[in-house]
Amino acid sequence: MNFKSIFAASACCILLLSGCKQQSAQPNTDLTVNLKPEDVNCMAYLVNYDTKEKFDSTIVGNDSVAHFSVFVDQPFIARLLVGDKRRGTFIVEPGTLVRDAEGNISGSKLNDELQALTNRIGELYTIASNDSLPVSVRDSATTVAKTVMENAVARQDIVGSTQLLDFCYEMTATEFDS
């Protein structure tokens with residue numbers, strides 16, 4: 001075999017391999033994000049929470065909606081940034097995900113599970129902060145909310161981790177240190 005043949009064969013192999021990689025990297029996740037009118041024409045970033053890598057970006061349309069279409073090989077926790085503002089934390093996984101104007105993500109098993117957990121804890125903390133209820137009821141609601149959160153985190157899965165990150169983010173420095 002001469003040098004030209006070896007070079008041509010190597011080039012063909014490289015092209016075939018790169019073609020295979022591109023084929024496996026076809027988008028398998030569509031994310032539609034409803035944002036605020038002031039976000040129109042801003043750059044929106046889908047950021048991997050752990051690595052801080054900007055996974056994808058798009059410009060928010062005139063309808064206050066951002067669309068992402070990405071390939072996800074395994075679920076990961078993501079943060080949505082619009083300009084320099086945080087617009088939520090959620091799980092990116094294969095499927096068709098939709099974020100409503102309130103920041104709730106739906107359309108996938110893990111996000112639906114996360115949303116149910118968030119709603120349950122929120123309901124309990126609403127009861128706990130209701131001054132018209134007896135102290136014993138408010139204390140019980142707080143205890144149950146903490147137990148639900150602890151159980152979610154103890155599972156050591158992506159749903160519990162995402163809930164914990166959101167919970168910690170909402171804490172004051174004093175609450176976090178205690």
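Throughout what follows, the structure given in this document is the object of discussion.

Digging into the packing of helix α2 (residues 109-128) against helix α3 (residues 135-154)
And then number 1: The geometry of α2 relative to α3 is characterised by a closest axis approach of 7 Å and an angle of 160° between their N-to-C directions. In terms of orientation, α2 lies roughly antiparallel with respect to α3. Regarding α2 and α3, the two cross each other, and that crossing is left-handed. Each of L117, R120, I121, L124, Y125, I127 and A128 in α2 lies in contact with α3, whose residues at this interface are V137, R138, A141, T142, V144, A145, K146, V148, M149 and A152.

Some points on the sheet that holds strand β4 (residues 65-70)
And then number 1: The strand order across the open sheet built from four strands is β4-β1-β7-β8, with neighbouring strands paired in mixed fashion. Lying at the two open borders of the sheet, with one neighbouring strand each, are β4 and β8 (105-106).
And then number 2: As judged from the five bridges shared by strand β1 (residues 29-34) and strand β7 (residues 95-99), these two strands associate in the parallel manner. When the bridges of β7 are listed, T32 appears paired with V98.

Here we look at α3
And then number 1: Compared with the 28 Å implied by 1.5 Å per residue over 20 residues, the 28 Å span of α3 between its first and last C-alpha is a close match.
And then number 2: Where α3 is buried, its residues meet α2 and α4 (158-170).

Conventions we followed
Residues numbered from 1 in each chain as written. Predicted model: local features only at pLDDT ≥ 70, side-chain atom pairs only at ≥ 80, totals over all residues. Heavy atoms only, no water. Axes fitted to C-alpha atoms, helices over the stretch in contact; angles between N-to-C directions. Helix = DSSP H or I, 4+ residues; strand = E, 2+ residues; numbered from the N terminus. Parallel < 35°, antiparallel > 145°, perpendicular 65-115°, else oblique. Left-handed = near helix turned anticlockwise from the far one by under 90°. Contact = heavy atoms within 4.5 Å. Pairing = 2+ DSSP bridges. Expected span 1.5 Å × (residues − 1).

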